[in-house]
Amino acid sequence: MPVIRSRTSLVLLVIGVLIFAGTTADATVSSPQTSGKAYYACAKPGRPLTLTTRKAKCPKKTKKIVWNQQGRVGARGAAGPQGAPGVAGERGATGPQGIPGAQGIQGIQGPSGVSNHTSGQKTMTLATPGVASLFSIHLAGKETAGGTVDYTITADDGGSQVATEHGRIQWLATANSVTCTVQTTDKLHLGTVNSGCTPGFFNPGSQPGVSIFDNVSFSSPAPIVHHQVVYTIVNDSSATLRLEP
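All of the points below concern the structure found in this document. These numbers come from a predicted model, not from an experiment.

**Examining the state of the cysteines**
Then, number 1: Under the counting rule described, the total for this entry stands at two disulfides.
Then, number 2: A sulfur-sulfur separation of 2.1 Å characterises the disulfide bridge that pairs C42 with C58. Between C42 and C58, the S-S dihedral sits near -90°, and the bridge is therefore left-handed. Of this pair, C42 sits in strand 1 (residues 38-43) while C58 sits in the loop between strand 2 (50-52) and strand 3 (63-68), and the two are 16 residues apart along the sequence.
Then, number 3: Judged by relative accessible area, C42 falls into the buried class, the value being 5%.
Then, number 4: Sulfur-sulfur distance for the disulfide between C180 and C197 comes to 2.3 Å. Its S-S torsion of about 115° marks the bond between C180 and C197 as right-handed, since a negative value means left-handed.

**Describing the pattern of salt bridges**
Then, number 1: Scanning the entire structure with this criterion turns up three salt bridges.
Then, number 2: R168 is paired through a salt bridge with D150; the nearest N and O atoms lie 2.6 Å apart. Here R168 is found in strand 7 (residues 162-174), whereas its partner D150 is found in strand 6 (residues 144-156), with 18 residues between them in sequence.
Then, number 3: Relative accessible area serves as the criterion here: at 24%, D150 is assigned to the partly exposed category.

Conventions we followed
- Residues numbered from 1 in each chain as written.
- Predicted model: local features only at pLDDT ≥ 70, side-chain atom pairs only at ≥ 80, totals over all residues.
- Heavy atoms only, no water.
- Disulfide = S-S within 2.5 Å.
- Helix = DSSP H or I, 4+ residues; strand = E, 2+ residues; numbered from the N terminus.
- Buried < 20%, exposed > 50% of the residue type's maximum accessible area, 1.4 Å probe, protein only.
- Salt bridge = Lys/Arg side-chain N within 4 Å of Asp/Glu carboxyl O.

Laid out in structure tokens, this is it:
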């Protein structure tokens, strides 16, 4: 290859040195993007340029450079602008609903409530002593039954005089016997009532049962016009209780 030793070679040498210093150690240089014929040379700092061809390889420790007729040296293009930020991905679809859990174990049933209470109201006779039959109970063989009767008796003379009393009867029975009691110290009264209980047997079936009685008197003697008893019977057994008329 011919060696250039002129002013042109000096210019090319300077261009070669600048390009050599500012490029990487790639074996080739991109062709210039301007119009006109391209020239190729092998450059090394401090030495003249050596013309070469586009496809030829430069000697070791030299750098191939290229320029066109306008004297512009081909160089790597500037970096393009940074791309816009990517769009955030959309939220994924909601997953299917889970399978319902198994039904829990049923809890233990609580004790049954008291169901052997029987309440009511009866009219007592107007003559003294006033009486009302309360209940009888069906028993057979060696069955027994017992319980209580809470009661409130009210009597009036049709005017302003009222006598009332609250008490409790205890009762106990077998198929062929029955007893009851009212404790005098377990009663409250307003006026004179003097209530008590009477055990007995009621037909049909000759069932043991209990009646209630009283001896009402007013401060000013007068006949009884209204006379009643309100009660709640407790049957502490599995036997069948019957209200008497």
